[in-house]
Each structure stands twice: as C-alpha cells, then as structure tokens.
Amino acid sequence: MTQDELKQAVARAAIEYVVAGEIVGVGTGSTANFFIDELAKIKDRIIGAVASSDASAARLRGHGIAVLDLNQVESMPVYIDGADEITAQGAMIKGGGAALTREKIVASVARKFICIADGSKLVERLGQFPLPVEVIPMAHASVSRKLAALGGEPRLRLKDGQPLLTDNGCCILDVFGLQIEDPQALEREINQIAGVVTVGLFAQQGATVCLLGTAEGVRRLEFA
Ligand code: 5RP
C-alpha cells in the first residue's frame, strides 16, 4: 500500500469515533484531508465541525459541512487529526502543516484526541522530525537563541523566500537536532519562552487513541 492509501484507511476507520448529532473537531494536513472527505459522506449525521485551519475550513465548506466558530462550542466529543511523529505513549510532534496553535486549541476543547497516521509516524523517541514552534514575528531571533541554548538548531520556516506566516500571522521556527527525552517537560519549558505562541509538542495533552495505518491493516493504540 502507498502512504496515501494508509492515510486513507485510517481516515475511514476514524469515522467510527464521530458521534451522531454532535460537533467534530477537525485537524489539518493530508491525512486530515482524507478524513474530511470521509466525513462528507456522513455529513447529515453531525451538526458541523470546528476546523483547525483556514485550509481545513475551506475543504469542509466545499463539502457542504457547516463550520462553527470555536467560541460557540463548549465541548465536543472528539478531535481527529494527523501527526508528524507519535510515541507508543501517545505524545506527538505536530505542526508540519503550520497549524499547531489552532490544532492545540481545538484539541483542548475535545474530550478525546483521535490521532490518524500512517505507520511511519510511530517512533520510539520524538525529535527526528524537526520540532515546529510558532512565534510572534518580532521574537523569532530571541526565541531562536533560547532554543539553541536548549541544544536545538532552529531554522525560520520560509515560503517563496519569505518567512512563512501562519493563519495567526505568526512565524514558525523548525528546531532540528533535539533529543526529546521528556516531551512533557520540554513542552512546559518551551512554552515559558517569551514570544512563543505554541510549541508543536502535544504531550501534556496527547492522543487518546491512535489509528495507525500498516500493511497488515489499521492498528489501534489506546493511551490512558
Ligand atoms: C499540521 C499537522 C499535521 O497533522 C501533520 O503535519 C501531519 O500531516 P500529514 O497528515 O500531511 O502527514 O500537524 O500542522
């Protein structure tokens, strides 16, 4: 199976976590896009969705799925999204698609985080994938120095030769070479740096379930 077929398989499997008559939190990225396409097939069973990016909101609306403002939503049963890396304990690196801040916010309002990922995303230790950190533009140099002091090698993410701007008008630093032994502690530490909006470590509130696409089928990992 190709990586896209694995992503499609987990997107399909995630539909069983969608609760009828409720609102679904929807992530960002290629796996989340497959999920949105699957969600479209059962759109009459849900009230609507809260999107974690402008791109996902546009795709949802394109399928005729109502997109709600998070401020109108007190709680939702599930948030369904991909990941760049996930451990066997459910800690993740996210933000490869630059949507980490809204992803963390929407996930925080959901009771369960259902991670959908192809098998290549399961790792023993986080950090092979450069850790995305969203920062206030005026602070990217000062935050970079602090991240370098933690042992990483931060690089400003560019698009067409210019700093990439997120949906929130902020920048992304991708931090290479971090040895992430304790994801929760590092998440707390990076969140304390002045100018950091969000770090792409999802460890303090990690996944509840991971649906992992493998050649043998969809594996389900459940976390306490
Ligand atoms: C976007 C994300 C994505 O979930 C992550 O990058 C995985 O993407 P894909 O499903 O395309 O492999 O965190 O900010």
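Before reading further, recall that the structure is shown in the block above.
Please read these numbers as outputs of a predicted model, since none were measured by experiment.

1. Some remarks on the environment of Val209
Item 1. Along the chain, the position of Val209 falls in strand S14 (residues 209-214).
Item 2. Residue Val209 is classed as buried on the basis of its relative accessible area of 6%.
Item 3. Through-space distance from the C-alpha of Val209 to that of Asn168 is 28 Å; in sequence the pair is 41 residues apart.
Item 4. Those residues within four positions of Val209 in sequence are excluded, and the remaining contacts are Tyr17, Phe113, Ile114, Cys115, Arg220, Leu221, Glu222 and Phe223.

2. Concerning unusual backbone geometry
Item 1. Backbone geometry places Ala98, a non-glycine residue, at a positive phi of 70 degrees.
Item 2. We classify Ala98 as buried; its relative accessible area is 13%.

3. Notes on the sheet that holds strand S1 (residues 23-26)
Item 1. The sheet built from six strands is open, its strands ordered S2-S1-S3-S6-S14-S15 with mixed pairing. Edge positions in the sheet fall to strand S2 (48-51) and strand S15 (217-222), since each has one partner strand and no second. Across the sheet, the axes of successive neighbouring strands diverge by a mean angle of 25 degrees, strand direction being ignored.
Item 2. When strand S6 (residues 110-118) meets S14, the two strands line up parallel, connected through five bridges. The residue of S14 that forms the bridge with Asp118 is Gly213.

4. A word on the nonpolar core
Item 1. Core analysis: the largest hydrophobic core is formed by 26 residues, its most contacted members being Val18, Val24, Phe35, Leu39 and Ile80.
Item 2. When residues of this core are traced back to their parent elements, those giving at least two are helix H1 (3-13), S1, helix H2 (30-40), S2, helix H3 (54-62), strand S3 (76-81), S6 and S14.
Item 3. It is H2 that provides the largest number of residues to this core, a total of five residues.
Item 4. Discounting chain neighbours no more than four positions away, the residues touching Phe35 are Ala11, Ala14, Ile15, Val18, Val24, Val26, Ile80 and Ile116.
Item 5. Grouped together as the second largest cluster of nonpolar side chains are 22 residues, Ala91, Ile93, Ile190 and Val199 included.

5. Overview of the layout of surface pockets
Item 1. Roughly 310 Å³ of volume is contained in the largest pocket.
Item 2. If you go around the largest pocket, you meet 20 residues; those closest to its centre are Thr87, Gln89, Gly90, Ala91 and Gln184.
Item 3. Tallied by class, the residues present in the lining of the largest pocket amount to eight nonpolar, eight polar and four charged.
Item 4. Here the lining of the largest pocket spans two domains, since at least three of its residues come from each of domain 1 (3-123 + 204-222) and domain 2 (131-199).
Item 5. Roughly 200 Å³ of internal volume is contained in the second largest pocket.
Item 6. What lines the second largest pocket is a set of 18 residues, among which Thr28, Gly29, Ala83, Asp84 and Gly97 lie closest to the centre.
Item 7. The biggest single contributor to the lining of the second largest pocket is H2, with three residues.
Item 8. Grouping the amino acids of the lining of the second largest pocket by side-chain chemistry returns four nonpolar, eight polar and six charged.

Analysis parameters
Residues numbered from 1 in each chain as written. Predicted model: local features only at pLDDT ≥ 70, side-chain atom pairs only at ≥ 80, totals over all residues. Heavy atoms only, no water. Helix = DSSP H or I, 4+ residues; strand = E, 2+ residues; numbered from the N terminus. Buried < 20%, exposed > 50% of the residue type's maximum accessible area, 1.4 Å probe, protein only. Contact = heavy atoms within 4.5 Å. Pairing = 2+ DSSP bridges. Axes fitted to C-alpha atoms, helices over the stretch in contact; angles between N-to-C directions. Core = buried A, V, L, I, M, F, W, Y, C linked by side-chain atoms within 4.5 Å. 1 Å grid on protein atoms, 1.4 Å probe; cavity = no way out; pocket = protein on both sides within 12 Å on 5 of 7 lines; lining within 4 Å. Points joined across faces, edges and corners; volume = space filled by probe spheres on them. Nonpolar A, V, L, I, M, F, W, Y, C, P; charged D, E, K, R; others polar. Domains from an automatic or database assignment.

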